[in-house]
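Spelled out, the chains give:
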2 protein chains.
Amino acid sequence: MAAEAEKGSFLTALSRIYPPGSLHTDPAQLAAYECDGLTVFRARPVAVVLPTRREQVEATVRLCRDYGVPFVARGSGTSLSGGAVPVPGGIVIALNRMNRILHLDPADRLAVVEPGVVNLQISRAAAPYGLYYAPDPSSQVICTIGGNVSFNSGGAHCLKYGMTANHVLGMKVVLATGETVTIGGSSLDVAGPDLPGLFTGAEGQFGVVVEVTVRLLPRPEAVRTVLAAYRRLDQAGDAVGAVVKAGLLPAAMEIMDRLAMDAAEAAVGAGYPRQAGALLIVELDGPAGEVEADFRRLMEVIAASGPTEVRLAEDEAERQRLWKGRKSAFSAVGHISLGYLVQDGVVPRTRLGEALARIEELAARHGFRVANVFHAGDGNLHPLILFDDRSPETVERAEELAAAIIETCIELGGSITGEHGVGLEKRRFLPRLFDPVTLDLMRRIRRTFDPLELANRGKVFPDEPAPPAGIPAGEPAAWGQAGVAVPAGAGSLAEPTPVPGPAGRGRDVR
Amino acid sequence: MAAEAEKGSFLTALSRIYPPGSLHTDPAQLAAYECDGLTVFRARPVAVVLPTRREQVEATVRLCRDYGVPFVARGSGTSLSGGAVPVPGGIVIALNRMNRILHLDPADRLAVVEPGVVNLQISRAAAPYGLYYAPDPSSQVICTIGGNVSFNSGGAHCLKYGMTANHVLGMKVVLATGETVTIGGSSLDVAGPDLPGLFTGAEGQFGVVVEVTVRLLPRPEAVRTVLAAYRRLDQAGDAVGAVVKAGLLPAAMEIMDRLAMDAAEAAVGAGYPRQAGALLIVELDGPAGEVEADFRRLMEVIAASGPTEVRLAEDEAERQRLWKGRKSAFSAVGHISLGYLVQDGVVPRTRLGEALARIEELAARHGFRVANVFHAGDGNLHPLILFDDRSPETVERAEELAAAIIETCIELGGSITGEHGVGLEKRRFLPRLFDPVTLDLMRRIRRTFDPLELANRGKVFPDEPAPPAGIPAGEPAAWGQAGVAVPAGAGSLAEPTPVPGPAGRGRDVR
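Small disclaimer: the values here were computed from a predicted structure and weren't measured.

A.B. asks: What exactly am I supposed to notice about the pairing of strand E15 (residues 278–286) of chain A here?
C.D. replies: All names here are of chain A. Of all the nine residues making up E15, nine are buried; the element is thus mostly covered by neighbouring parts of the structure. Pairing of strand E13 (residues 222–230) with E15, which is carried by nine bridges, proceeds in the antiparallel orientation. Bridging from a neighbouring strand, leucine 227 pairs with isoleucine 281 of E15. Pairing analysis gives six bridges linking strand E14 (residues 252–257) to E15, with the strands arranged antiparallel. When the sheet's bridge partners are listed, methionine 256 is paired in E15 with leucine 279.

Okay, structure coming up:
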């Protein structure tokens, strides 16, 4: 069959780029790359490559371009929006072996790293110089910087320090056209439009990030972590408002509800108060004098907010324990539920209380338990919908609830994603946020870098054509059409066909 | 003549969009729009339009597109890089009458404004709610937000609060294609690539910004302003390093040298110390307790840095006086020199001392006096080259020195612009910062929004074709070619011909 022959020729060419052990085509090996952190979406790639050098990425992307094969670049696959799910019929470029810290400049406070470097590794490497890398997604012990850049990852401390975009100074990117560009530099002051900003958050649709220059910050001299327990969730929300009103800018302000606390307790024994209905964690950092002054003010504000209990982290170990519960909250719900879906909505901070009340109401109406964990300072909600994932019908109903929550965020004047990205999961909501002309503009920008729409095809844009002629993921079908541009507005092309997940619990990409 | 007929037809069509008094074609009226803050570049537009509504901008841009006429959008014209200089043969869209604050939301801390709103007006409107708009270019009493957005303007307090890009949540833009897009939203958390970031700093080359949503910050509870005088410039520079090392993040850290102080003294009687060789101004702001704690630390650091004098602003009037000298420094040099050129280089903060020494050496070698005023915290230098602008030969030599200073910044690992933009003045340096593939990428992005390269044509890109067929600015020549795309790589097209400035002191666009 012609398509099979072309697939063979593509794979042969690919094998010339990679030494043994760096190119996987065996189904057992491919299975590990079928999904990311949002396990309800699954698809099997035709091959997985593990480059160690930029030149291999360039050769791979050019080959994909010449054969018209879609590709997905990924690191540890911690995406919670399905952003790293393979494109059926395409390949995965796994960047975990490009994991070197190429340069660390303590004087100018920057590091140049490869995309497969784990977020926390940067801070570890910078620690001897009293520096660290600020953005701290909950998955920072495992997630890689390439993914952080592609999804503009946030984290608890982004309230004060900003998202990934605020810390990326420059990068090298292999565009989907096969060209390598160097954008930004070693300072946030750059000439012209903010290209690093454009590429940060592009969800892998422009090409493959192969090098990132990040800025490092001096480790704060002092840190104060306060935990306040409340009877009700709205009281914790009000406390956040009062802290902001007092003019304080904590490094982090996080809220967990009872169910989230139960999960954290079951998973890591966080030792949170047993009777509280909600928990507020506030952390201050900075020069010692400043932190002490702000701390006194914070304690006044919290005392006036009606807490049932206030705890202070007396040392670093205690602080780490407080944070461990919060940072493991997503995975922790696995201890109290078979399956879960985490949402990532944003509402104006002033409408947090309203949003939480409506989520509670929606959860009751849909018949699910919903645990709430959120970055309260910037209105970024993470409702975790708990369900029994052994029933496909239940999974579908949970997704309906997730959609209803996102609709609520939009109605309240918010956004569909704070830090997890649009990915596969939320692409259908994009037209609710942007008018057709603006969506078209976004599409045109994408096509500037990727005329064939090969890079992470099918994500972000609701009508992004499914592979018009990708390599069939098992079943026989035509593929190839190398070099043929995806027709504009080809949104009605068929979606990829389902591939059953290994444990039978996944759903395929839509 | 055909070209003249087409020009007439274009102007007639234009006159249908604008009521009397909103379309200028009279040379006396046009003269006011011939240059911006960098007066050495001048060019005369064919017409100036003053829209009051978005629909007029849309109609104007579509007309320009249909006739192939370049346009420059501008506000108060305070650009210091020639960014608002007209394109010869093109029109100017002056947005000063689109100056309404459309919406101010104190709860969600944002304002929606038209592009012609003056920077400081936003803070004035927000003041009753205890809020303000943070980016504060020195020209903030006159410069407009549309220009701030297009050039990603900074200001003294951007050390702590970031540039304009950090404060723009969303915008409406009439693209050069005539389409209007709405990008971003009312929160910094948006889905997908950072489009507001891309448009902030695009120097008017994508289209015309017609509405901006900015965030507002609570006015800091307390402010402390400290002035320290030093014998030598390098001592002031060392003091900045010590403040940063102490972990303090002042709202502003500014240095002025003796010559800049003399200028400020002559212009506004700033009352700065008469004997000092350099001046450091440090301002702390935030919650009262935090500011007091940081202030004690700051005073220790400054005491150890060898100042000859330390002054505190005891009240708001005194603080305003200290700042007035600094903020008027650029215009103040007019009091001690007939002409001046201000540069806007960036060097890594750790190489500030080296940069200053080399500037001094260059100034001596080229035979000019150079006053230095700079945002010391982020390595953004503003050397002011003083010269007698009555001699064209002197102007040229001053520009040679300016170029040598910029070359030095590049050599030291910095950038050609911190906040003034590339504009006309620095476009020839762009290839020193970006490789050809990356420059081509920037060009492709521009053409996505402006296929004919009509919007602020001839700025930023060194090889951006001069108007291939613009309306002749006085002399007869062919123009028109409506709808014809600018050929890629048409960089060798003739540059515009000189138009003498009204006072004979200007040089025309190169």
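A.B. asks: What exactly am I supposed to notice about the side chain of threonine 200 of chain A here?
C.D. replies: Mapped onto the secondary structure, threonine 200 of chain A falls in the loop between helix H7 (195–199) and strand E11 (207–215). Of the polar contacts made by the side chain of threonine 200 of chain A, one reaches the backbone oxygen of proline 196 of chain A; its length is 2.6 Å. Threonine 200 of chain A has contacts with Val149, Asn152, Thr164, Ala165, Val168 and Met171 of chain A together with Pro193 and Asp194 of chain B, leaving out every residue within four places of it along the chain.

A.B. asks: Would you explain the packing of helix H16 (residues 436–449) of chain A against helix H16 (residues 436–449) of chain B in this entry?
C.D. replies: At a closest axis distance of 10 Å, the pairing of H16 of chain A and H16 of chain B adopts a crossing angle of 150°. The angle between H16 of chain A and H16 of chain B places the two elements in the roughly antiparallel class. The handedness of the crossing between H16 of chain A and H16 of chain B comes out as right-handed. In contact with Leu441, Arg444, Ile445, Thr448 and Phe449 of chain A of H16 of chain A, H16 of chain B contributes Leu441, Arg444, Ile445, Thr448 and Phe449 of chain B. Looking at the contact of H16 of chain A with H16 of chain B residue by residue, the class counts come to six nonpolar, two polar and two charged.

A.B. asks: Where do I start with the packing of helix H13 (residues 352–366) of chain B against helix H14 (residues 392–411) of chain B in this structure?
C.D. replies: Geometry of a packed helix pair, given as the angle between the helix axes and the separation of the axes. All names here are of chain B. Where H13 contacts H14, the two axes come as close as 10 Å, and the packing angle between them is 155°. Of the possible angle classes, the one that applies to H13 and H14 is roughly antiparallel. Considering how the two elements wind past one another, H13 and H14 form a crossing that is right-handed. Counting all contacts with H13, which are made through Arg358, Ile359, Leu362, Ala363 and His366, the residues of H14 involved are Arg397, Glu400, Leu401, Ala404, Ile405, Thr408 and Glu411. Within the contact of H13 with H14, the residues separate by chemical class into six nonpolar, two polar and four charged.

A.B. asks: Can you help me understand the pattern of salt bridges in this one?
C.D. replies: Pairs can form between side chains of opposite charge whenever their charged atoms are close. Counted under the stated rule, the structure contains 54 salt bridges over all chains. Residue glutamate 254 of chain A pairs with arginine 326 of chain A through a salt bridge whose shortest N-O separation is 2.6 Å. Of this pair, glutamate 254 of chain A sits in strand E14 while arginine 326 of chain A sits in helix H11 (residues 316–327), and the two are 72 residues apart along the sequence. The two residues glutamate 254 of chain A and arginine 326 of chain A agree in class, both being buried. Between arginine 397 of chain B and glutamate 393 of chain B there is a salt bridge; the shortest N-O distance is 4.0 Å. Within this pair, arginine 397 of chain B and its partner glutamate 393 of chain B are both found in helix H14, separated by four residues, close to a single helical turn. For arginine 397 of chain B, a relative accessible area of 29% gives the class partly exposed. Because the salt bridges share partners, they merge into one network encompassing Glu179 of chain A together with Asp440 and Arg444 of chain B.

A.B. asks: Sorry, what's going on with the relation of the copies chain B and chain A here?
C.D. replies: Superposition of the two copies of the chain requires a rotation about an axis together with a shift along that axis. Overlay of chain B on chain A (RMSD 0.0 Å): rotation 180°, translation along the axis 0.0 Å. Both copies of the chain, as the preceding transformation shows, are related through a two-fold rotation axis. For chain B, the minimum C-alpha distance to the rotation axis belongs to glutamate 290 of chain B and amounts to 2.2 Å. Comparing contact sets, 100% of the residues at the interface of chain B also lie at the interface in chain A, consistent with an isologous, same-surface contact.

A.B. asks: Teacher, can you tell me more about the environment of proline 137 of chain A here?
C.D. replies: Within the element layout of this structure, proline 137 of chain A appears in the loop between strand E8 (131–132) and helix H5 (145–151). As a C-alpha pair, proline 137 of chain A and asparagine 148 of chain A span 11 residues in sequence and 8.4 Å in three-dimensional space.

A.B. asks: Looking at this structure, I do not really get unusual backbone geometry. What am I missing?
C.D. replies: When glycine is set aside, most residues are seen to have a negative phi, and most peptide bonds are trans. Of note in the backbone geometry, valine 460 of chain A takes a positive phi value of approximately 65° without being a glycine. Within the secondary structure, valine 460 of chain A sits in the loop between H16 and strand E21 (507–508). The phi dihedral of asparagine 456 of chain B falls on the positive side, at around 50°, and the residue is not glycine. Residue classification places asparagine 456 of chain B among the buried residues on the basis of a relative accessible area of 4%.

A.B. asks: So what exactly am I meant to see when it comes to the interface of chain B and chain A here?
C.D. replies: Buried accessible area, meaning the area lost when the parts come together, often serves as the stated size of an interface. Between chain B and chain A, the contact holds 64 residues from the first and 64 residues from the second. Across the chain B to chain A interface the summed buried area is about 4600 Å²; carbon plus sulfur atoms make up 56%. Remark: the boundary between chain B and chain A carries four salt bridges. Two residues, arginine 297 of chain B and glutamate 221 of chain A, come together in a salt bridge whose shortest N-O distance is 3.1 Å. Inspection of the chain B/chain A interface yields 11 residue pairs in polar contact (both at pLDDT 80 or more). Elements supplying a minimum of two residues to the side of chain B that touches chain A: strand E10 (180–184), helix H7 (195–199), helix H10 (288–303), helix H15 (430–433) and H16 of chain B. Here the side of chain B that touches chain A gets nine residues from one element, more than from any other, and that element is H16 of chain B. Looking at the side of chain B that touches chain A residue by residue, the class counts come to 29 nonpolar, 21 polar and 14 charged.

A.B. asks: Help me understand the packing of aromatic side chains in this model?
C.D. replies: Aromatic ring pairs are defined here through the distance separating the ring centres and the angle between the ring planes. This structure, assessed with the given rule, holds 10 aromatic pairs over all chains. Each ring, one from tyrosine 132 of chain A and one from tyrosine 161 of chain A, has its centre 6.5 Å from the other, and the planes form 90°; the classification is edge-to-face. A residue pair is termed long-range when its members are at least 10 positions apart, and tyrosine 132 of chain A in strand E8 and tyrosine 161 of chain A in helix H6 (residues 158–161) qualify at 29 residues. We note that tyrosine 132 of chain A, like tyrosine 161 of chain A, is buried. Plain terms: the ring middles of phenylalanine 10 of chain B and tyrosine 67 of chain B are 5.3 Å apart, the flat faces sit at 65° to each other, and that makes the pair edge-to-face. A residue pair is termed long-range when its members are at least 10 positions apart, and phenylalanine 10 of chain B in helix H1 (residues 2–17) and tyrosine 67 of chain B in helix H3 (residues 54–67) qualify at 57 residues. Take phenylalanine 10 of chain B: its relative accessible area is 0%, and that puts it in the buried class. An aromatic cluster is built from Phe199, Phe206 and Phe449 of chain A, whose rings are joined through pairwise contacts.

About the thresholds
Residues numbered from 1 in each chain as written. Chains lettered and ligands numbered in written order. Predicted model: local features only at pLDDT ≥ 70, side-chain atom pairs only at ≥ 80, totals over all residues. Heavy atoms only, no water. Buried < 20%, exposed > 50% of the residue type's maximum accessible area, 1.4 Å probe, protein only. Helix = DSSP H or I, 4+ residues; strand = E, 2+ residues; numbered from the N terminus. Pairing = 2+ DSSP bridges. Polar contact = N/O pair within 3.5 Å; in protein donor to acceptor, adjacent residues only side chain to side chain. Contact = heavy atoms within 4.5 Å. Axes fitted to C-alpha atoms, helices over the stretch in contact; angles between N-to-C directions. Parallel < 35°, antiparallel > 145°, perpendicular 65-115°, else oblique. Left-handed = near helix turned anticlockwise from the far one by under 90°. Nonpolar A, V, L, I, M, F, W, Y, C, P; charged D, E, K, R; others polar. Salt bridge = Lys/Arg side-chain N within 4 Å of Asp/Glu carboxyl O. Least-squares fit on C-alpha atoms with pLDDT ≥ 70 in both. Buried area = accessible area lost by both parts, 1.4 Å probe. Phe/Tyr/Trp six-rings, centres within 6.5 Å; stacked < 30°, edge-to-face > 60°.

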